[in-house]
Structures are given as C-alpha cells and as structure tokens.
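# Notes for the structure review
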Amino acid sequence: MNFTRQLKYKCQWYGCDLVVVDRFFPSSKTCSNCGHVQDMPLNVRTYDCPDCGLSIDRDLNASINLRDAVGSTVNACG
Ligand SMILES: [Zn+2]
C-alpha cells in the first residue's frame, strides 16, 4: 500500500494539490538565495554562501527553503 499515493488521490478528489516535502530535503544546507548546497555542521549558526555572498541565520535560511519547496502550489484543503 502506498500511503502517499492514496493521499494524493484523495487530494485530487477534493481538488487540491498535495506537496510532500522530502524529509531528506537539505533545507539547512541549501542557499535560499541561489540554491548552492554546502555542508552545515549543527554548530554553524549562520549560513554563509560562497556563491552569492548571502549571510543568513541557518534556521531562517532553512525555513525559507521549506516555504519555497512547498511554494505556491498549495491550496487550502477543505
Ligand atoms: Zn547563495
């Protein structure tokens, strides 16, 4: 049984999109500005991007990435 597929089916039935964010999505390792990925040890609190120069709190960076991953395709369900 594929739970995600069933959920997707139900969501389609009710006319909304289901977005499943991969739990291995590297939200804290990915630059929320340019998409650069780098290792982020837990003791590093600020994401400093060598590519675009972004310097941002790691949690803020991660939450922006998750928001963008979910994006504008989500509709309110029900
Ligand atoms: Zn960057």
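Note that the coordinates shown come from a computational prediction; the quantities given were computed from them, not determined experimentally.

### Brief notes about the overall build of the chain
Assigned secondary structure in the chain consists of two helices and two strands. What you see in the chain, going N to C, is helices and strands ordered as α-β-β-α. If you take every contact in the chain between residues at least 6 apart in sequence, the share linking residues at least 24 apart comes to 36%.

### Let's talk about the coordination of the zinc ion
Every protein donor of the zinc ion is listed here as Cys 31 (SG), Cys 34 (SG), Cys 49 (SG) and Cys 52 (SG), and their distances to the metal cover 2.3 Å. The coordination sphere of the zinc ion comprises four donor atoms, whose angles at the metal cover 106 to 116°; the geometry is tetrahedral. In primary sequence terms, the donor set of the zinc ion follows C-x2-C-x14-C-x2-C. Placement of Cys 31 in the loop between helix H1 (3-13) and strand S1 (46-48) and of Cys 52 in the loop between S1 and strand S2 (55-57) is noted, with a sequence separation of 21 residues between them.

### Comments concerning a nonpolar patch on the surface
A surface patch of nonpolar side chains, amounting to about 490 Å² of accessible area, comprises Tyr 9, Trp 13 and Tyr 14. Its location among the elements puts Tyr 14 in the loop between H1 and S1. For Tyr 14, a relative accessible area of 64% translates into the label exposed.

### A few points about the side chain of Arg 58
Position of Arg 58 among the secondary structure elements: in helix H2 (residues 58-70). Comment: no salt bridge for buried Arg 58; closest opposite-charge side chain is Asp 59, at 4.4 Å. Looking at Arg 58, its side chain comes within polar contact range of the main-chain oxygen of Pro 41, at 2.8 Å. Engagement of the side chain of Arg 58 in a polar contact is seen with the backbone oxygen of Val 44, the distance being 2.9 Å. If we skip the residues at most four places from it in the chain, Arg 58 touches Ser 28, Met 40, Pro 41, Leu 42, Val 44, Arg 45, Thr 46 and Tyr 47.

### Considering the pattern of salt bridges
Scanning all chains against the criterion turns up three salt bridges. Across the salt bridge formed by Lys 29 and Asp 39, the nearest N and O atoms sit 3.7 Å from each other. Residue Lys 29 is located in the loop between H1 and S1, and its partner Asp 39 is located in the loop between H1 and S1; the two are separated by 10 residues in the primary sequence. Judged by relative accessible area, Lys 29 falls into the partly exposed class, the value being 33%. A salt bridge links Asp 59 to Arg 45; its shortest N-O distance comes to 2.8 Å. Taken together, the residues span a long stretch of sequence, with Asp 59 in helix H2 and Arg 45 in the loop between H1 and S1 at a distance of 14 residues. Residue Arg 45 is classed as partly exposed on the basis of its relative accessible area, which comes to 42%.

The rules behind these values
Residues numbered from 1 in each chain as written. Predicted model: local features only at pLDDT ≥ 70, side-chain atom pairs only at ≥ 80, totals over all residues. Heavy atoms only, no water. Helix = DSSP H or I, 4+ residues; strand = E, 2+ residues; numbered from the N terminus. Contact = heavy atoms within 4.5 Å. Donors = N, O, S within 2.8 Å, 3.2 Å for Na, K, Ca; no water. Tetrahedral: all angles 85-135°; square planar, octahedral: opposite > 155°, others 65-115°. Patch = residues over 30% accessible without salt bridge, like charges linked within 9 Å, V, L, I, M, F, W, Y side chains within 5 Å. Areas by Shrake-Rupley, 256 points an atom, 1.4 Å probe, with all protein chains shown as cover. Salt bridge = Lys/Arg side-chain N within 4 Å of Asp/Glu carboxyl O. Buried < 20%, exposed > 50% of the residue type's maximum accessible area, 1.4 Å probe, protein only. Lys, Arg positive; Asp, Glu negative; His and termini not counted. Polar contact = N/O pair within 3.5 Å; in protein donor to acceptor, adjacent residues only side chain to side chain.

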